[in-house]
Each structure stands twice: as C-alpha cells, then as structure tokens.
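Residue strings, one per chain:
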Number of protein chains: 2
Amino acid sequence: MSDVVIAGIGQTKVGEHWEISLRELAFNAIRDAVKDSGGLKPQALFIGNMLAPNLSNQAHLGTLIAEYAGLTGIEAMTFEAAGASGGAALRQGYLSIASGMVDAALVVGVEKFTDKVGPEVDAALATTSDTDFEAVQGVTPASQAALLMQRYMHEYQVPCNGFAGFALTAHANGTGNPWAMYRKAIKPETYAKAEMVNDPLNLFDIAPNADGAAALVLTRRELLPTGFAHALVKVSGSASATDTLALHDRKDILWFETAGLSANKAMKQAGIVLDQINFFEYHDMFSIYAALQLEAVGFAVKGQGWKLAADNEIALKGKIPCATMGGLKARGFAGGATGVYQAVEAATQLRNQAGTNQIVNAKYGLIQSLGGPASTAISHVFERVQA
Amino acid sequence: MSDVVIAGIGQTKVGEHWEISLRELAFNAIRDAVKDSGGLKPQALFIGNMLAPNLSNQAHLGTLIAEYAGLTGIEAMTFEAAGASGGAALRQGYLSIASGMVDAALVVGVEKFTDKVGPEVDAALATTSDTDFEAVQGVTPASQAALLMQRYMHEYQVPCNGFAGFALTAHANGTGNPWAMYRKAIKPETYAKAEMVNDPLNLFDIAPNADGAAALVLTRRELLPTGFAHALVKVSGSASATDTLALHDRKDILWFETAGLSANKAMKQAGIVLDQINFFEYHDMFSIYAALQLEAVGFAVKGQGWKLAADNEIALKGKIPCATMGGLKARGFAGGATGVYQAVEAATQLRNQAGTNQIVNAKYGLIQSLGGPASTAISHVFERVQA
C-alpha cells in the first residue's frame, strides 16, 4: 500500500466567532490547507462535526461546505462519533486515499458552539451520551466526568489539586500557539482557587466549548506536487474502537479500554512501540480523561496518570510531552473539529514548525480523540519520513 | 484491487415501529445480515443516519448500536449526507474493505421518525436544506419539491396526473415485497383523487416518512466463508457527488447534475455503459425526483422522464425497471436507511431472490440515493458475478 501523507494543513483561531457562520469558519481552514498543499485539487471532502444539527439547525454539512469552498461537484459527507468526529473524518479520509479511490482528500473538522447558549448546549452535548439511560436522568458529560474523577481520587488517594498539572501544562503550551483560545500561563494558585463547577471538577479541569475549524489535505506520496515545501509527514497508523456508550455498563469505569485498544492497533500498524512516541495529543476534555488516557495507552500504570502531570513529565521537555499546542484545555474544545486540530498540531510538530513549543527531533506523534468517556477512541500515528 | 462483495443482507419491515427503539431496530437488521453472511465477524460498523440527533435526541449512534449488537470493541461511526446518508455509509464501508484495512464491515442504515410528530419532523427535515437561506424562509423539502414539479410541468407541458406512473409502479411492486410499508396496488383513479398536499404534489407523489433499518455485510471475495450459500454480488462501482445545497443557486433547477455525475463515475468504474443496467433503484422521495433522476442518469431525455413512467417502461417488465421492491413510495422512506435498503433490494434481485418481483437475468443494478434535491447523490453499481 502506498504511503498516505499530509500535504497541507490549515486552522482557524479557536474562540467565540460570533461574527462568522459555520460554513465561513470551515472555509477559512480549507483555504489555508489547500494553499499549504501547494494547490492540490481535492476530490473529496470529509467533514468531522459533532452537533451542528442541534446547535446550528444545519445537517448536510458536506454539501454545504463543499459549495461554499468553491468545490461543488466533489464528493462530500459528514462523520459523527461525538467528540471523536474529527478523528472519524481523518480515518475515513485516510481510507479513501489508501484504497486508491481518491487521490487528494480534504479532511475538515468544524464546530460552532456560539449559535446556542448554556442549557441548549448542555442538552445538545447530552445527545452524545446514552439518551435513554443517561441523558434522561440529567447526566451531562461534565457531571459524569465529575463522578469519574471523584471515584478516581478516592481509589488512588489523589490529594486535593492533584490534577493541577494537566491545566498548568496545557496553559503553558497555549502561550506558544497563535491559534489557541487561551494564551496565558496559569499558576498553581490560580488552579487551586478556581471556581468549582462540578465538584471535584473545577473550571480548569474542563476544556472550554468554542468555535473552530481545522483542515488537512491528504494524498498519496507519489502524488505530491513537485517542489513540495514541507517536511514530509506520513499517516503511519490509524485505528478506532468502541466501548459501551453508557459508563455504568463497564466492568471498570476507571479504565479507558478503547484508548489502549486503538492506540495499540495504530502503533502496530506503524510498526513501532510506545517508547518511540515522541509526543501524545490526548483528548483533555476533562483532566480526568487525560489521566485515564495516559494509563490505558500505557504511559503510566493504572492510578498513576495524574502523577505524570504532577511531576511535570507531560511538559514539552518531560518524558512524554502532551497537549503540546495547548490541548483541548487551552487551545479550546471545538467539538468535532478536535481530532483534526490534533492532526494539524501533530503535523506542525513533525514538520518542525511548532516554534517555541517545538519537540526536538520529534519523529512519531500519537493523537487520540474521544467520543464520550472513551466510548469511542480514534487513534492515529503520524511519522516524519524522508522526503 | 480485490473484489468487494456482499456477504450478507438484512432488513426490518418499514413502518411505524412505536414499540421498539432505534437501537433495537438497527439490531434486528444486523442480526439478519450477519446470519445471512454465514456468520462473518464484522470488524467495523458504518451507520447511515439522517436525523437521530434531532428526532431521537441521540447522536453517537455508532457506539450505541455496536454495543447493543454485541459488537463492543469494533470500530463504529455515523455517516450523514441527508437522504443519502445510507449511500454514504455504504461508500465508506466499501472504501474500508477496498483499502484492505478492514476485512468485514457492517453497513447499517437506520432511521426512526416516530419518536417525534408532524411539525418537529418537518423542522428536522428542514435542517438538511440550507438553513440560513432556505429553511429560515419556511421552505421544507416537500414544499420545495412542489415548486420544482410545478416548474417541470410548466416547462414540459405535463398533463394533470402525468406523474401517476411513478406511484402506480411503486405500489404495484410493493405488493411483492414482504418488507414494504404499503403492499396494496393502487389504481389510476386512486392517484387522480388523492388529497393534494403541496400543490401539485399529491399524497401519492410523496414517500411516507417511516421507521426502518437495513444492513449489509461487506467483505473481500477471498474472505467469504466456505460454503457461502448465495449467488455472488460484487460492488463494481461507487461514486458520490455534490451540487449546490440550495436549489436557487443552480443554473438549471430542472437538471440533477449529481445524479448523472455519480452514476457515470460508478458505471465507468464498473466498466459498463447505461444500456447494460438491468434495473435502477432511484430515490423517489417525491415523484419529481424520480423523473429528474431518470433524465440526468440518461434513461430519458430532458423533460421526458415522466413519460417513461406514464408509458409503463419503469415497470418490472419495462425498458428500465425502477423501484423494483416498491421504492421509497411503497417500501417507505426510512431516512438515512434508504441507501442501504436500496442496496439490500439490489442484492436480492441479483441473487435471484426477489420472488414475484424478480427481474429476469439481472446482472447489473444501479442504485442511487439523494440528499436534498440531488444536492448530494451517491451511486453504486452492483454486479452478479460467477462464484
């Protein structure tokens, strides 16, 4: 099978984009990604989106965005797997290229939260959980994550503020990412004094819902335009896995089975082992998710994920740098765009374009986006290869 | 590239399934398809769904249904392209197998309309049009189709009741399909006296919204279980295309550009020409859609699609049999399940299992599902091959 490579990347700043519509947001990322690819002509458009049918009363985004981007005629469709929707679009874009059926594909993640407000957003987010058995009881993703964190702290005797390291690292890294929503570092005191949202989750344990779009152009290696200007990044592994949708149906709620399953499968396909991964873009929607991903993927033993953060081992110069461009916490959580943001950021690192946030000699990056509490996990291994 | 073949098919009766949930509906089709495949173990689940986030307050269907079907662990995600969502899932299932990354894939279309009522359903359906420029003006798919039909009748001087042939054929064929919602043939007088819904669309020009699920197991030819019990059906062509989302943005609103584009691409891949197609499963959401598809695909010249129906040439023994198991009109319109129902029905024909509706010596079937007024069209060519 021929190598699937990243030809172009593009992204909008994550934030509150009251002034532009969903289609404009997506277009801005597409324009930059196509330009960055040296002008490859995409034949297909794969959209990752989580909540537009509810938040923007707009389904059928593939056709909407293809038209607005001046690509009328090409194949286009939307992929949904809750918070992993962007990862799902990336995986399908990858398969379309790997199959030989498509030569150049645009993978776009887009989400617009600001079309609706508070309770409407909570209700929309709750549709990603098990509506009949979770949402009807009033469970929201945040209230559920609080229960998960409570249990974790109890089981593993995590001290108060034990999770601070995740937010500190994310915000430190956000300072170096021009596309991030939050670009100010925070101090341990800031975390310790933060407003409690869903006890024990405080404001800094929760990634902010925000608008954003990110885009990739994928192609096969031999189809890259001559004079391609960037270091070459290959999609070396791609995998997806599901667990029970409802948290209460799991044997062990403190084990993100899919995170391990999909990461191992992607690494196996890439022909590497965990030690070769130079950085990990996790799905820190809630800091407890980050801790559980670190454990299930194998960077920490069970119950010790939070310590990696507390010991500063997830920082840019740590043992396993995470959220290297700010993660969901500081870059912002743009719903179904998340997996594509992770991909753009990983490509940025592997191209050596990450500026002050650059991981030195990065060769392999692992990215993983989650739908719900790892009800879905989609993992990709990106690799820097010789041009 | 190795042949992608249909190993198993399954479907539920289309109708009003008040008594079972969306996940149960999907499971019933999955169970039958897996059994029909001789027990192949699917590694991936591709869901086509159009409106569950709105109609059932349930997103994240991939994981929901994988779990309910006892497939926890496998890859699963949802594909959306309005009415073409089932076709989108089929295409991605096809690509996953063609790429060699997945060995056996379940493609499932599922929709449940009866969780909501009248105006809520209309509002949900309107999200598939251009919300900012169409839906906000109060345009629904049916009211838009009425305008389209009005214009068509004016341009081509179609007589009153000129479209009757579409409903007559669909209902005649529905009598032979045990899974169809409506199984009674209708007479020309029934059509002529039917209640006007959106002038000139009468009750029989509109397919009924209904609940249903259909499923396929896809694999590569060499992976079929030994002793595979059915005639072999290959997916010989697969293509998808988009037009403007809003109808008013087209140069010619009476030309379904995507229907022709995607059908031609799929036939080219299959290495056949139009004359070789033995039957055509179109997307007769509205009878005017069927007429315009017949023209754009090339079975009739522009303005004459309705005549094929009026002259009985779309009947089972006509020049080009259409809606051979009842189509959307008589089988019922189960939203995002439509493209998968078409696939199941085409496989049934090519396996020679269509009973009284059997097309004699059928070798090639063309199926095409639409999102909106051909804003998206997804076409597949199925071929009966030697085992």
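The rules behind these values
Residues numbered from 1 in each chain as written. Chains lettered and ligands numbered in written order. Predicted model: local features only at pLDDT ≥ 70, side-chain atom pairs only at ≥ 80, totals over all residues. Heavy atoms only, no water. Domains from an automatic or database assignment. Contact = heavy atoms within 4.5 Å. Buried area = accessible area lost by both parts, 1.4 Å probe. Salt bridge = Lys/Arg side-chain N within 4 Å of Asp/Glu carboxyl O. Polar contact = N/O pair within 3.5 Å; in protein donor to acceptor, adjacent residues only side chain to side chain. Helix = DSSP H or I, 4+ residues; strand = E, 2+ residues; numbered from the N terminus. Nonpolar A, V, L, I, M, F, W, Y, C, P; charged D, E, K, R; others polar. Pairing = 2+ DSSP bridges. Least-squares fit on C-alpha atoms with pLDDT ≥ 70 in both. Buried < 20%, exposed > 50% of the residue type's maximum accessible area, 1.4 Å probe, protein only. Axes fitted to C-alpha atoms, helices over the stretch in contact; angles between N-to-C directions. Parallel < 35°, antiparallel > 145°, perpendicular 65-115°, else oblique. Left-handed = near helix turned anticlockwise from the far one by under 90°. Phe/Tyr/Trp six-rings, centres within 6.5 Å; stacked < 30°, edge-to-face > 60°. Expected span 1.5 Å × (residues − 1). Core = buried A, V, L, I, M, F, W, Y, C linked by side-chain atoms within 4.5 Å. pLDDT = per-residue confidence, 0-100.

## Topic: the domain arrangement of chain A
Residue and element names in this part refer to chain A.
- Each assigned domain of chain A is listed here: domain 1 (4–117 + 209–223) and domain 2 (139–207 + 234–385).
- Taking only C-alpha atoms, the centre of domain 1 and the centre of domain 2 are 22 Å apart.
- Listed by partner, the interface residues are 43 residues for domain 1 and 41 residues for domain 2.
- In total, domain 1 and domain 2 occlude about 3,000 Å² of area from one another, counting both sides; carbon and sulfur atoms represent 63% of this.
- Area buried by domain 1 at its contact with domain 2 is led by Q11, V14 and R91, which between them contribute 21% of it.
- On inspection of domain 1 and its partner domain 2, the count reaches one salt bridge.
- The residue R351 makes a salt bridge to D36 at a minimum N-O spacing of 2.9 Å.
- Our count for the domain 1 to domain 2 interface comes out at 13 residue pairs in polar contact (both at pLDDT 80 or more).
- Take the side of domain 1 that touches domain 2: its biggest share by element is eight residues, from strand β1 (residues 4–11).

## Thoughts on the interface of chain B and chain A
- Listed per partner, the contact involves 61 residues of chain B and 61 residues of chain A.
- It is H60, M101 and T242 of chain B in chain B that bury the most area against chain A; as a group they hold 15% of the surface buried on that side.
- The tally of links between chain B and chain A comes to six salt bridges.
- Residue E75 of chain B is joined to R91 of chain A by a salt bridge in which the shortest nitrogen-to-oxygen separation is 2.5 Å.
- Counting across the chain B and chain A interface gives 34 residue pairs in polar contact (both at pLDDT 80 or more).
- Taken together, the elements giving at least two residues each to the side of chain B that touches chain A come down to α2 (52–55), α3 (61–68), β3 (75–80), α4 (85–98), β8 (232–242), α9 (257–270) and β11 (376–385) of chain B.
- Element by element, the count of residues in the side of chain B that touches chain A is highest for α4 of chain B, at seven residues.
- Residues of the side of chain B that touches chain A, tallied by class, amount to 26 nonpolar, 26 polar and nine charged.
- The pairing of strand β3 (residues 75–80) of chain A with β3 of chain B spans three bridges and is classified as antiparallel. The residue bridging T78 of chain A from the neighbouring strand is E80 of chain B, located in β3 of chain B.

## Some thoughts on the relation of the copies chain B and chain A
- At an RMSD of 0.0 Å, chain B and chain A line up after a rotation of 180° and a shift of 0.0 Å along the axis. Such values leave the two copies arranged in the relation of a two-fold axis. In terms of C-alpha distance to the rotation axis, chain B has S99 of chain B as its closest residue, with the C-alpha 1.8 Å off the axis.
- With an isologous cut-off of 70% or more, the 100% of interface residues of chain B that recur at the interface of chain A puts this contact in the isologous class.

## Some thoughts on the pairing of β11 of chain B
All names here are of chain B.
- Counting buried residues in β11 gives nine out of 10 residues, a clear majority hidden from the surface.
- Pairing geometry for β8 and β11, over 10 bridges, is antiparallel. Within β11, the position partnered with S240 by the bridge is I378.
- Relative to β11, strand β10 (residues 364–371) runs antiparallel, the two sharing eight bridges. Each residue of the ladder has a partner; that of Q368, found in β11, is S379.
- The hairpin turn running from β10 into β11, its antiparallel successor, is four residues long, and G372 in that turn takes a positive phi close to 60°.

## Quick look at the pairing of strand β7 (residues 212–220) of chain B
All names here are of chain B.
- Burial runs high along β7: nine of the nine residues are buried.
- Residues G212, A214, L216, L218 and R220 line one face of β7 and the alternating positions A213, A215, V217 and T219 line the opposite face, and both faces are buried.
- Bridge count for strand β1 (residues 4–11) against β7 is seven bridges, and the pairing is antiparallel. Across the sheet, Q11 pairs through a bridge with A214, a residue of β7.
- When strand β4 (residues 104–111) meets β7, the two strands line up antiparallel, connected through eight bridges. The residue of β7 that forms the bridge with A104 is T219.

## Describing the pattern of salt bridges
Residue and element names in this part refer to chain A.
- Counted by the stated rule, this structure contains 30 salt bridges over all chains.
- Among the ionic pairs, R220 bridges to E222, the shortest N-O distance being 3.8 Å.
- Here D243 and R250 are joined by a salt bridge, their closest N and O atoms 3.3 Å apart.
- What emerges from the salt-bridge pattern is a single network uniting D3, R221 and K234.

## Things to note about helix α7 (residues 164–174) of chain A
All names here are of chain A.
- With nine of 11 residues buried, α7 lies mostly within the body of the structure.
- For α7, the set of buried residues is A164, G165, F166, A167, T169, A170, H171, N173 and G174.
- Against α8 (188–192), α10 (287–297), α11 (305–310) and α12 (327–331) lie the buried residues of α7.

## Considering the packing of helix α1 (residues 22–36) of chain A against helix α3 (residues 61–68) of chain A
Residues and elements named next belong to chain A.
- Relative orientation of the contacting elements α1 and α3 amounts to 60°, with a least axis distance of 9 Å. In this view, α1 runs oblique relative to α3, as classed from their interaxial angle. The two elements α1 and α3 cross, and the hand of that crossing is right-handed. For the pair α1 and α3, the contacting residues are L22, R23, E24, A26, F27 and I30 in the first and L61, L64, I65 and Y68 in the second.
- Residues that form the contact of α1 with α3 fall into these classes: eight nonpolar, no polar and two charged.

## Quick look at the packing of aromatic side chains
All names here are of chain B.
- On inspection of all chains with the given rule, the structure shows 23 aromatic pairs over all chains.
- Seen in terms of ring centroids, F256 and Y289 are 5.6 Å apart; in terms of plane orientation they differ by 75°. Their pairing is edge-to-face. Residue F256 is found in the loop between β8 and α9, and its partner Y289 is found in helix α10 (residues 287–297); the two are separated by 33 residues along the sequence.
- Given the relative accessible area of 0%, F256 is considered buried.
- Between F280 and Y282, the aromatic rings sit 5.8 Å apart at their centres with planes inclined by 85°, giving edge-to-face as the arrangement. Y282 shares its class with F280; the two are buried.

## Here we look at α4 of chain B
Residues and elements named next belong to chain B.
- Here α4 contains 14 residues, and its C-alpha end-to-end distance of 20 Å stays within 8% of the 20 Å for a straight helix at 1.5 Å per residue.
- For α4, a buried count of 14 out of 14 residues is recorded, marking the element as mostly surrounded by other parts of the structure.
- Just past α4, the residue G100 takes up positive phi, approximately 85°.

## Topic: the nonpolar core
- Counting 84 residues, the largest nonpolar core has L216 and F382 of chain A together with L216 and F382 of chain B as its most contacted members.
- In terms of nonpolar packing, the next biggest core, distinct from the first, is built from 67 residues, F113, F256, L366 and A377 of chain B among them.

## A few points about the confidence of the model for chain A
- The share of residues in chain A with pLDDT of 70 or more is 100%, and the mean pLDDT across the chain is 97.
- Complex prediction metrics read pTM 0.97 and ipTM 0.95.

## Things to note about the side chain of D130 of chain A
- Tracing the chain through its elements places D130 of chain A in the loop between α5 (118–126) and α6 (141–156).
- Judged by relative accessible area, D130 of chain A falls into the buried class, the value being 2%.
- Side chain to side chain, D130 of chain A and R23 of chain B meet in a polar contact 2.7 Å long.
- Those residues within four positions of D130 of chain A in sequence are excluded, and the remaining contacts are A135, L245 and A246 of chain A together with R23, Q58 and L64 of chain B.

## Notes on the environment of L71 of chain A
- Tracing the chain through its elements places L71 of chain A in the loop between α3 and β3.
- Overall, the relative accessible area of 15% leaves L71 of chain A in the buried class.
- Once the C-alpha coordinates of L71 of chain A and A215 of chain A are considered, the two residues, 144 residues apart in sequence, prove to be 15 Å apart.
- In contact with L71 of chain A, not counting residues within four places along its chain, are P42, A66 and L106 of chain A together with T242 of chain B.

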